[in-house]
Amino acid sequence: MKSISKLKKELDKWFSLYIRLRNATDNGLAQCFTCGKVDEYKKLQCGHFASRKHLATRWSEWNCQVQCPRCNIFSQGEQWKFGINLNAKYGEGTSEELQILSHTTLKKSRIEYEEDIRYYKTLVNNLKKEKGII
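Residues numbered from 1 in each chain as written. Predicted model: local features only at pLDDT ≥ 70, side-chain atom pairs only at ≥ 80, totals over all residues. Heavy atoms only, no water.

K.L.:
It is not clear to me how the packing of aromatic side chains should be interpreted in this structure. Could you clarify?
P.N.:
Between two aromatic rings, the relevant description is the distance of the centres plus the angle of the planes. Throughout the structure, instances matching the rule amount to seven aromatic pairs. On the numbers, 5.1 Å between centres and 85° between planes, the contact of Phe15 with Tyr120 is edge-to-face. Pair noted here: Phe15 is in helix 1 (residues 4-22) and Tyr120 is in helix 6 (residues 110-131), with a separation of 105 residues, a long-range link. Judged on exposure class, the residue Phe15 and its partner Tyr120 are both buried. In this structure, Lys108 packs its charged tip against the face of Tyr113, placed 5.8 Å from the ring centre. (Phe/Tyr/Trp six-rings, centres within 6.5 Å; stacked < 30°, edge-to-face > 60°. Helix = DSSP H or I, 4+ residues; strand = E, 2+ residues; numbered from the N terminus. Buried < 20%, exposed > 50% of the residue type's maximum accessible area, 1.4 Å probe, protein only. Lys NZ or Arg CZ within 6 Å of the ring centre and 35° of its normal.)

K.L.:
Can you help me understand the pairing of strand 4 (residues 64-67) in this one?
P.N.:
In the case of a regular strand, side chains alternate between the two sheet surfaces. On strand 4, burial covers both faces: Cys64 and Val66 on one face and Gln65 and Gln67 on the other are all buried. Relative to strand 4, strand 3 (residues 45-48) is paired through four bridges, and the arrangement is antiparallel. Pairing of His48 across the sheet is with Cys64, part of strand 4. (Pairing = 2+ DSSP bridges.)

K.L.:
What should I look at first to understand the side chain of Asn87 in this one?
P.N.:
In this fold, Asn87 is placed in helix 4 (residues 79-90). Side-chain polar atoms of Asn87 contact the backbone nitrogen of Thr94, separated by 3.0 Å. Ignoring anything within four residues of it in the chain, the contact list for Asn87 reads Glu92, Gly93, Thr94 and Ser95. (Polar contact = N/O pair within 3.5 Å; in protein donor to acceptor, adjacent residues only side chain to side chain. Contact = heavy atoms within 4.5 Å.)

K.L.:
Help me understand the nonpolar core in this model?
P.N.:
For soluble globular proteins, nonpolar side chains are generally found buried alongside one another. Grouped together as the largest cluster of nonpolar side chains are 25 residues, with contacts concentrated most on Phe15 and Ile19. Contributions of two or more residues to this core are made by helix 1, strand 4 and helix 6. Among the elements that take part in this core, helix 1 stands out by supplying eight residues, more than any other. Among all residues touching Ile19, those that are not within four sequence positions of it are Cys46, Glu61, Cys64, Gln65 and Val66. Phe33, Phe82, Leu86 and Leu98 belong to the second-largest nonpolar core, a separate cluster that totals five residues. (Core = buried A, V, L, I, M, F, W, Y, C linked by side-chain atoms within 4.5 Å.)

K.L.:
I would appreciate a short explanation of the packing of helix 1 against helix 6 in the present structure.
P.N.:
How two helices pack is summed up by the angle between their axes together with the distance between the axes. Where helix 1 meets helix 6, the axes come as close as 9 Å, and the angle between the chain directions of the two elements is 30°. When the axis of helix 1 is compared with that of helix 6, the two are roughly parallel. When you trace helix 1 past helix 6, the crossing you get is left-handed. Here the residues of the contact of helix 1 with helix 6 sort into 14 nonpolar, one polar and nine charged. (Axes fitted to C-alpha atoms, helices over the stretch in contact; angles between N-to-C directions. Parallel < 35°, antiparallel > 145°, perpendicular 65-115°, else oblique. Left-handed = near helix turned anticlockwise from the far one by under 90°. Nonpolar A, V, L, I, M, F, W, Y, C, P; charged D, E, K, R; others polar.)

This is the structure:
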């Protein structure tokens, strides 16, 4: 039986792949949410507006967007630009709502992790087939 930390790591893997593939073109290219750089989805990352240390928003599809390593790591996620772009994409106040939500408590059960892993694994495999990406 996998530990919760191993399940969390596996969910991170599948969720990150989903985030990077959902906006990828049929040839596997995606665009950084904060600077606009286009690159292969495999070279890009899953950036978080509210830090991934907050479990309540760690796997939020609105909180997470494609980012290049420069924006995500070296520019600390470009949070200000990230917030502006979130509000433009999902509606005014979205970034503030995510910030508030991030400070709520979330405790996932083993079953919830396993269900989420299956869900995102299926989405990733379907997107890869749909887009003809290996």
